[in-house]
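Chains, contacts and geometry: an overview
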There are 2 protein chains.
Amino acid sequence: MLITYNLRPELREQVEANPDLDISIAEAKRGRHCWIGKLLIPMVTRNSHHIFVGRAMASRTTLRLLTKPSSGSLFQRRCISAYGYEQAKALTFKKYGEPKDVLSLHGHSISPAHSNLVTLRFLASPINPADINQLQGVYPSKPTFTTALGTADPIAVGGNEGVAEVIATGDKVKGLKRGDWVIQKSPGFGTWRTHAQTTEEGLLKIENKDGITAVQAGTVSVNPCTAYCMLKNFSDMQAGDWFIQNGANSGVGRAAIQLGKLWGFKSINIVRDRPEGLDALKADLEDIGADVVITDTELQGADIKDKLAEWTNGGREKIKLGLNCVGGKVVTAMAKLLSSEAHLVTYGAMSKQPVTLPTGLLIFKDIHFDGFWVSKWSERNPEEKKVMVHDILDLYRQGKFKDTPYDEVKWEWETKGETLIDAVQGTLDGYRKGKGIFVFGKT
Amino acid sequence: MLITYNLRPELREQVEANPDLDISIAEAKRGRHCWIGKLLIPMVTRNSHHIFVGRAMASRTTLRLLTKPSSGSLFQRRCISAYGYEQAKALTFKKYGEPKDVLSLHGHSISPAHSNLVTLRFLASPINPADINQLQGVYPSKPTFTTALGTADPIAVGGNEGVAEVIATGDKVKGLKRGDWVIQKSPGFGTWRTHAQTTEEGLLKIENKDGITAVQAGTVSVNPCTAYCMLKNFSDMQAGDWFIQNGANSGVGRAAIQLGKLWGFKSINIVRDRPEGLDALKADLEDIGADVVITDTELQGADIKDKLAEWTNGGREKIKLGLNCVGGKVVTAMAKLLSSEAHLVTYGAMSKQPVTLPTGLLIFKDIHFDGFWVSKWSERNPEEKKVMVHDILDLYRQGKFKDTPYDEVKWEWETKGETLIDAVQGTLDGYRKGKGIFVFGKT
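Residues numbered from 1 in each chain as written. Chains lettered and ligands numbered in written order. Predicted model: local features only at pLDDT ≥ 70, side-chain atom pairs only at ≥ 80, totals over all residues. Heavy atoms only, no water.

A separate point is the sheet that holds strand β5 (residues 86–93) of chain B. Residue and element names in this part refer to chain B. With respect to topology, three strands assemble into an open sheet ordered β6-β5-β8, the strand pairing being antiparallel. Bordering the open sheet on either side are β6 (104–110) and β8 (156–157), each of which pairs with just one other strand. Examined bridge by bridge, β5 and β8 share two bridges and lie antiparallel to one another. When the sheet's bridge partners are listed, Thr92 is paired in β8 with Val157. (Pairing = 2+ DSSP bridges. Helix = DSSP H or I, 4+ residues; strand = E, 2+ residues; numbered from the N terminus.)

Written as structure tokens, this is what we have:
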């Protein structure tokens, strides 16, 4: 096999003289990169010739590193190139399954940003239930499997939401500069990664990052946006109107309570009955603006209609909207409390049970059952999405909107893959303290 | 008890001289009417005095009829007063239950139309499933129970749809004249009756009755209007788009097939599997414009997706709408065939089973589940209702829209109550030839 090194002649000689070259080339072929000293150099194959791309500046001494990487896979030392090659890590998977079975931490390098490319360093990326469903292969939006990160088999990066800082831009990039914060306009990009390179089009710039945290910016586009849209886009909600929701202590639930309160809407909030901590949870939700908090058991109690009459001034105040992320019997019970012509919007199915509708509610009460998926909505309404994101971030900045409780998972360069994978797997446990969020340190 | 006859003196003497007067007065008290010869005269009671109202003109000979009516209840001979008192009969009920248990044929008289009153003679009144549900007390729209028809206990008249001819109008009635055909704008009036008196406001005049039959006019406002609204008001249906419906051989189903065909929509029509007559039924529906007719068994077959692809040009033609009057599993199976963002509209629940929705259809396919109730819609959209009714009647007139098969139940003055009640009860049987319709003869 003829090997053409696109290197300075003296370096090429050294490479050819190296006894471990074959091993290195084997790695290179697999990864489409080749280690030259501390540089992981992209390599292309044309007509069976391996061609190193870029102007490698490795000195003689660095050639000592042209040996088989100790881990057997790509060499994951943290090295930042003087020529802009970023060393990156990402939680990736090449087949669907449980997080612990399919995720692995993959290292690769990112070439300098040129032309219309933007290089990003992630700051915060949440672990959402939908991300897990995507890993399990049961989510309709599939990730992109690609060999672009230097693997022989196509892999995908987990995560669909997060905020990143721009660390480099190509000369054709006009709308972004180093230091800007960006979020993805659409899901599917893969946000459980330290760095990434992409083009400007898919990014939504945070116009004003003052006074907001990376966690706030990194979690704005799924949960608060879902709550925002559902409160705004289905029923003609006016100040004084009610909505009812289950999963009220979820990220979306808490966002709905707070946004609803700001807009003058009252809320009946359903949480799962639980052996302990119920009073504290109720107080917590009331503290952020919940008018009524009840358990699913209380919802299905015989006296619920009387209670409802009490809350809603004998039914004169209308319950125009229901929000459902649970499914099953609780939804039927909720739907029965809705006023005529209300909408019941399903955005999740935590119980994995279907929604069962007595036909009378459809025909005679004219209740509409809809679903909402923020991903599809965002793709179709990019401008509205932008306005909404900045509206919510303004509320954060003004102290009118509080973070949902979260479990910070620190992701440093040295953090082990298993720690990160455990954090993803852990979100599948029952009653959680809060949503898991990767918060990136020194990467 | 002092009895004051508000009659001409010579007539009063004759009435007092009649040996059967007590019986007649007893009847009068119960019915608030009193037979004076062939006249059933309204009577009021003031301070325990019975006062006959009106200027009775009975001759000496008619007094022979002042005897106990043979049936023991109100005397139901067909007698038309020279002074405009109409003898009427109505299928009434005073409590909820099965038709055969609660319905009875009630006779009463209707005073001459004066002021803003209109006297109607019914021509055709269908027996709709909703009418039966109303009798059973399980329908949300309750009938009006009243003593206005001369009973001690409040009663209601069955039936919610029909066409009547104007036979008399008061001097303040401007929009209607003798001979006009009218239908009720809203349900709840009671249409299983030979005659009725009401005001102009609740009536929708058939502007042009030429070329349409009483059955067509009398059945236009429930079934064809339901189909019309569902095809027009939920999804953005364009020529070439598909809809899918169950209960396709019902009145609404047949109307939807025909209207859809006229507007360029294609239809997948689901009928119940049945031991015989299936091929004839399929041919019948195809004859009026059905593109595809399948049984509920075929719908739930393993190869349905392949068939669907064949019908819809590999899915390029969208199924934007589903119409459901059955409920249960068939709805879930139908919903799975809908294109993204379709609406599935429930207007009936023949199976008495709820609609069960996999949440993925709501969230990811953005299928909307709505209900439709033509009664409520009509009350809220009177002008649109009028336009729609005349649009449909025009289609009948032009021969573009065919009657749904029906079983005519002739209602003559002499027709026995049990015959009429049997016809109502009979609609509860399984596979019917067609909808039952009272068609009035000499009443």
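For any pair of aromatic rings, geometry is given as the distance between the ring centres together with the angle between the planes. Under the counting rule described, the total for this entry stands at 28 aromatic pairs over all chains. Between the aromatic rings of Phe93 of chain A and Tyr96 of chain A, the centroid separation amounts to 6.3 Å while the plane-to-plane angle is 50°, which identifies the pairing as tilted. Take Phe93 of chain A: its relative accessible area is 1%, and that puts it in the buried class. Arranged with centres 5.7 Å apart and planes meeting at 85°, the rings of Tyr96 of chain A and Phe145 of chain A form a pair that is edge-to-face. Residue Tyr96 of chain A is located in the loop between β5 (86–93) and α3 (99–102), and its partner Phe145 of chain A is located in the loop between α4 (129–136) and β8 (156–157); the two are separated by 49 residues in the primary sequence. You can call Phe145 of chain A partly exposed: its relative accessible area is 28%. Grouping aromatic residues by their ring pairs yields a cluster made of Phe122, Trp192, Trp411, Phe438 and Phe440 of chain A. Cation over ring: Lys142 of chain B sits above Tyr96 of chain B, and NZ or CZ is 5.5 Å from the ring centre. Over the ring of Trp263 of chain B we find Lys232 of chain B; its NZ or CZ atom is 4.2 Å from the centre of that ring. (Phe/Tyr/Trp six-rings, centres within 6.5 Å; stacked < 30°, edge-to-face > 60°. Buried < 20%, exposed > 50% of the residue type's maximum accessible area, 1.4 Å probe, protein only. Lys NZ or Arg CZ within 6 Å of the ring centre and 35° of its normal.)

Right, let's get into the relation of the copies chain A and chain B. Here chain A sits on chain B after a turn of 180° about the axis and a move of 0.0 Å along it, with an RMSD of 0.0 Å. The superposition operator between the copies reduces to a two-fold rotation axis. When you check the interface residues of chain A against chain B, 100% turn up at the interface there too, and the contact is symmetric in its surfaces. (Least-squares fit on C-alpha atoms with pLDDT ≥ 70 in both. Contact = heavy atoms within 4.5 Å.)

Residues and elements named next belong to chain B. It is the contact of helix α6 (residues 223–233) with helix α14 (residues 382–397), at a shortest axis distance of 10 Å, that shows an interaxial angle of 110°. The orientation of α6 with respect to α14, classified from their angle, is roughly perpendicular. Facing α6, whose interface residues are Pro224, Cys225, Tyr228 and Cys229, α14 presents Lys385, Met388, Val389, Asp391, Ile392 and Tyr396. Its residues assigned to classes, the contact of α6 with α14 shows eight nonpolar, no polar and two charged. (Axes fitted to C-alpha atoms, helices over the stretch in contact; angles between N-to-C directions. Parallel < 35°, antiparallel > 145°, perpendicular 65-115°, else oblique. Nonpolar A, V, L, I, M, F, W, Y, C, P; charged D, E, K, R; others polar.)

This part takes up the sheet that holds β5 of chain A. If you walk across this open sheet you meet the three strands as β6-β5-β8 (chain A), and the pairing is antiparallel. The sheet is open, and its two borders are formed by β6 (104–110) and β8 of chain A, each paired with just one other strand.

Right, let's talk about the domain arrangement of chain A for a bit. Residues and elements named next belong to chain A. Parsing chain A into structural domains produces domain 1 (86–219 + 404–440) and domain 2 (223–374). On a C-alpha basis, the centroid separation for the pair domain 1 and domain 2 is 32 Å. Counting from both sides, the interface comprises eleven residues of domain 1 and, opposite them, nine residues of domain 2. Here domain 1 meets domain 2 over a buried area of about 770 Å², counting both sides, of which 56% is carbon and sulfur. Applying the counting criterion to the domain 1 and domain 2 interface returns zero salt bridges. Where domain 1 packs against domain 2, one counts one residue pair in polar contact (both at pLDDT 80 or more). (Domains from an automatic or database assignment. Buried area = accessible area lost by both parts, 1.4 Å probe. Salt bridge = Lys/Arg side-chain N within 4 Å of Asp/Glu carboxyl O. Polar contact = N/O pair within 3.5 Å; in protein donor to acceptor, adjacent residues only side chain to side chain.)

Residue and element names in this part refer to chain B. Tracing the backbone shows Arg193 in the loop between β10 (181–184) and β11 (195–199). In this structure, Arg193 is buried with no salt-bridge partner, the nearest side chain bearing the opposite charge being Glu86 at 12 Å. Polar contacts involving the side chain of Arg193 include one to the main-chain carbonyl oxygen of Phe189, which spans 3.0 Å. Leave out the neighbours within four places in its chain, and Arg193 touches Lys89, Ala90, Phe122, Leu149, Val157, Trp411 and Phe440. (Lys, Arg positive; Asp, Glu negative; His and termini not counted.)

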